[in-house]
Protein chains: 2
Amino acid sequence: MKKNLWAIKGNLVWAERIGEMSTLPGGYILMEGEGIKGISAELPEEYAGNVEDYGDKIITPSFSDLHLHAPQYPMLGLGMDLQLLDWLDNYAFPTEARFEEDEFARKTYKKLASELIKRGTTRVCIFSSLHRSATNILMDELEAAGVTGYAGKVNMDRNGGINLQETTEESIDETIRWVEENSGRKLVKPMLTPRFIPSCTDELMEGLERIAAEHSELPVQSHLSENLDEIAWVKELHPDCTHYYQAYEKYGLWKPGTIMAHCVYCDEKERKAMKDAGVWAIHCPDSNTNIASGIAPVRIMLQEGVKVAMGSDIAGGAKLSMPDSATEAIRASKLRWLSSGKKEDFLTVAEAFYLITGAGQEYFGAKPGFGVGDKLHAVVLDDSNLAYNPAITLTERLERILYLFDTSSVKAVYSEGVRRV
Amino acid sequence: MKKNLWAIKGNLVWAERIGEMSTLPGGYILMEGEGIKGISAELPEEYAGNVEDYGDKIITPSFSDLHLHAPQYPMLGLGMDLQLLDWLDNYAFPTEARFEEDEFARKTYKKLASELIKRGTTRVCIFSSLHRSATNILMDELEAAGVTGYAGKVNMDRNGGINLQETTEESIDETIRWVEENSGRKLVKPMLTPRFIPSCTDELMEGLERIAAEHSELPVQSHLSENLDEIAWVKELHPDCTHYYQAYEKYGLWKPGTIMAHCVYCDEKERKAMKDAGVWAIHCPDSNTNIASGIAPVRIMLQEGVKVAMGSDIAGGAKLSMPDSATEAIRASKLRWLSSGKKEDFLTVAEAFYLITGAGQEYFGAKPGFGVGDKLHAVVLDDSNLAYNPAITLTERLERILYLFDTSSVKAVYSEGVRRV
C-alpha cells in the first residue's frame, strides 16, 4: 500500500536517554500509516510526493504531562496567596464540586483538551473529580482532541469539601461501574485514582485493592510525600506505617506502573521502595513552589535509578505548557544546588527535555525518541519569531524555545500518527 | 479645546501603595491630550463620542522594567546550563561584542523595542553595551516604539571579554560625548552605567564621578551584591571598603535615584545605606534563580523601607514579560518563606503587581496608579481566552492574567498618552 507511506521533514531533535540529546538537521521521519518506519537524512524514493516539509522548524517528540487535575482548570492561576488547606477549601474543592453538572464539565474539558493539544501535550495521566459522568466527558473530550493516556475518577470518602465527598459504598460502586463502562476505550483508559491517603478510609482502600486485583490492567495514580503536614497526617491515620508509601503498599497499589505525584520528602527508604517496585515519581516543580511544598530531590532520585517523569499539576501548578514545567524544574534544581552547597547538581536542559518527552514515552510503552513501530507523537516548533542570532546551534535553538515557549511556538502536533494541530 | 478630550473605558485595576489593590469596574480614564484628567464611574458629557470602549477587558498601569541588558537579547534563553563566569565568557561577552556593528544593533534593538511594548512595558532602565553608536541606536528604537525611560552606555575598562573592553580614556571620553549628544532627548534619556565594580578601574570611577558632578541630571545604574564570589572580588579590589556599596559611594555615585540591580546579599548595613541615600533595589528573581545567585530578601527590604522595583534582567533572566517576573518573584519568595521556617512572609499578588507597576511609576516621577496630570501609561489586558469561570472577581481576574500572561493577553498599550499597540 504505497499510498500509506508519508514523511515529515524538519530539524529533528530528540532524547533517547536522560542527559543525551540527538539531532538530525533537515531529517525525515518516515511513516507508514500511523506508525514510524524510521528516521533518515535522505528521502527514499517511495515517499516522494508525500512529504510535509516543515523547512527550518524543529521537530521533537511531543510532551507528556503525567500529573494534572482536570477539574481545577477553571482556577488555573488563582488563589496563589493561600496556603494549602485554605486553598483546597476556598478554591479546589468548590471548583471540583461544580463538575456534578455535565454541561459545565463539557464546556471546561473541551477547552482544556484543546489547550493541551495546542501546547504539544499528547499524553497525560490526569485526575478527574469524583463524578463518574464528568469523568467520562473528560475522556471523550481528550480523545476528541487527540490527547491520549489515562484518566481517573477520583476516590474520596473522607476529608472532602462541601458537596465533594462520596460514601465508601458509592465510591467503590461508581468506580466499578466506571471501569466497566470504559473498558473498550483505546485512547484514554481508566486509572485507579485514590485522591490521597487522607481522602480515603481503610474500607475504601480495601475496595480499591479488590478492584485492582480483578482488573490488573488498571494502573494507579496518587500523591506521595508532598508536604510535611500531609506526611504527619498520614502517619496519624496509619500508625502502623513508618513511611507514607506503605499506606498504598498494604492495599496492593504499590506496583509497577503506579505513579506518585510530588515525592518532595521521600527519604532513602521510600525512594528505594519506588525503585524496587517500579513505581514512578512525577515531578511537579511549579506546584511544589507555588504551594510552598519544597523542592523535590529529582537529581538524587535519578541517580538512584528511580523512574521520574513530569507533571504540570494544574492548578497547584499555574503553567499548562510542559516546556514551562521543564524550565521551572531547572530553576528549582538550581536553588537546591545552591542550598546543598553546590553538591547536588542542578538539572540540565537536556535532562529536563528528556523528562517532558522520553520519560513519558517510556511510561506509555513507546521508545524514547522516534521509535520504529511506535505511533508518531511529535510537535513541530517554530522559533522564527525569536531574536535574530546567526550563531545559534540546533540544540541551542531547542533550549531557547523551551525557555521562551508560548502557544505561538507550536506549528503542528501529531498524536497517534495523525496531525491534530 | 474640546476635541482634546477623550477617554478609555474598561475594568480599571491599579495599585497606589504596595499590598493594596484598587478597582473601578466599568470605569473611565478621562484624558486631555496626553494627560490624565481623572478616573470616573460615569462619562462626563463633554467626552461623549470620544471613548475607546474596551468592554469587559482590564486596564492597568503599564509595566516598568528597571533592569535589563539590551545587547543580551539575542541570547535570551540560552546558555542556562553554564555558571556565571562561563556564561559571561561564552555567551554574554561575545554577544555584546557584536554591537560594534550598527546594522546588527539596529535589527536587534528594533525587535527588542517591539517585543517590550507588545508586552506592556513602557518604562525601562536599560543597559546597552560599551558602544556609543549602538547605544544611540537603542535609544532611537525604544523611542520609536514608545518605550520611555533611561538607557546607559556601559563603562568597562577591565575584566571584559575579547573585543569588549575600553581603555579608561576611551570610556570617559565616549561617555562625555554620548551624554552631550543625547542631552536633547525627551523620552529615553542617558544614565551613567558602570557595568559593575570589577569592570571599572579606580581611574574610570573617578572619571564617572567628575561626569556625575557636572551632570547632576544623570541618574546611575549598576549591579550590587549579586553573588558571593562577586562580593569577595569587590572586597579584594577595594580593601578599604567593608561593604560593596561603598565602592560606589566613594565615587559619588551612591545618591538619590541610583538603582542597584539584584541586592541578593545586601546585609542590614547595606540595606540601611540604600534607604538613607534613596538608592533603589531592583529585584530580578528570574535571573537570580537562573544564574543560581540566590533569593533576594525583598520582604525584608520592603519592611525596612528600602525602595524596591523590578527588572527582567534579560538575558540572565529568560522572561521579557514583567508579569512573568512578578510571578517568579512570588515563587522565589515562597521558597524563601519555607527556608526561613515560615517566618519571612512571601510576596502576595497585590505586592508583586505594585512592584511591576506603581514602583516604576514612582521611580519615574509619576503617581502610582492613574495619577491626575500624569501622561497615560496603561495596558489593556484580555482574559477572554482563559478558562470559563463564572465565579471569578476582578482582582482574581488580574491575578490569573498575571500568572498566565503571554503576548496574546495584551490588547492595547498606551505610552505617554498615545496608543502604541
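Residues numbered from 1 in each chain as written. Chains lettered and ligands numbered in written order. Predicted model: local features only at pLDDT ≥ 70, side-chain atom pairs only at ≥ 80, totals over all residues. Heavy atoms only, no water.

### Details of the relation of the copies chain B and chain A
And then number 1: With an axial shift of 0.0 Å and an RMSD of 0.0 Å, the rotation relating chain B to chain A amounts to 180°. Expressed as a symmetry operation, the mapping of one chain copy onto the other fits a two-fold axis. Taking the C-alpha atom as reference, chain B places Asp406(B) closest to the rotation axis, 3.6 Å from it.
And then number 2: Mapped onto chain A, 100% of the interface residues of chain B are again interface residues, and the two copies thus contact each other with one and the same surface. (Least-squares fit on C-alpha atoms with pLDDT ≥ 70 in both. Contact = heavy atoms within 4.5 Å.)

### Overview of the pairing of strand E12 (residues 259-262) of chain B
Residues and elements named next belong to chain B.
And then number 1: As defined by bridge partners, strand E11 (residues 221-224) adjoins E12 across four bridges and the pair is classed as parallel. Bridge assignment links Ser222 to a residue of E12, and that residue is Met260.
And then number 2: Where E12 and strand E13 (residues 280-283) come together, three bridges link them in parallel fashion. If you follow Ile259 over to E13, its bridge partner there is Trp280.
And then number 3: Crossover handedness for the path E12 to helix H8 (residues 268-277) to E13: right-handed. (Pairing = 2+ DSSP bridges. Helix = DSSP H or I, 4+ residues; strand = E, 2+ residues; numbered from the N terminus. Right-handed = clockwise from strand over helix to strand, strands pointing away.)

### As for the packing of aromatic side chains
And then number 1: Tallying each qualifying case throughout the model produces 26 aromatic pairs over all chains.
And then number 2: The interplanar angle of 20° and the centroid separation of 5.7 Å between the aromatic rings of Tyr150(A) and Phe364(A) together place this pair among those described as stacked. A residue pair is termed long-range when its members are at least 10 positions apart, and Tyr150(A) in strand E7 (residues 148-152) and Phe364(A) in the loop between helix H13 (358-363) and strand E15 (378-381) qualify at 214 residues.
And then number 3: Its relative accessible area of 22% is what places Phe364(A) among the partly exposed residues.
And then number 4: Measuring from ring centre to ring centre gives 5.8 Å for Tyr388(A) and Phe104(B), while their planes differ by 50°; the resulting arrangement is tilted. Linking Tyr388(A) in the loop between E15 and helix H14 (394-403) with Phe104(B) in helix H2 (residues 102-118), this pair reaches from one chain into another.
And then number 5: Owing to a relative accessible area of 38%, Tyr388(A) belongs among the partly exposed residues under this scheme.
And then number 6: One aromatic cluster is present, formed by Phe99(A), Phe104(A), Tyr109(A) and Tyr388(B) through successive ring pairs.
And then number 7: We note Arg98(A) situated over the ring of Phe104(A); from NZ or CZ to the ring centre the distance is 4.1 Å.
And then number 8: The positively charged end of Lys107(B) is found above the aromatic ring belonging to Tyr388(A), 4.0 Å away from the centroid. (Phe/Tyr/Trp six-rings, centres within 6.5 Å; stacked < 30°, edge-to-face > 60°. Buried < 20%, exposed > 50% of the residue type's maximum accessible area, 1.4 Å probe, protein only. Lys NZ or Arg CZ within 6 Å of the ring centre and 35° of its normal.)

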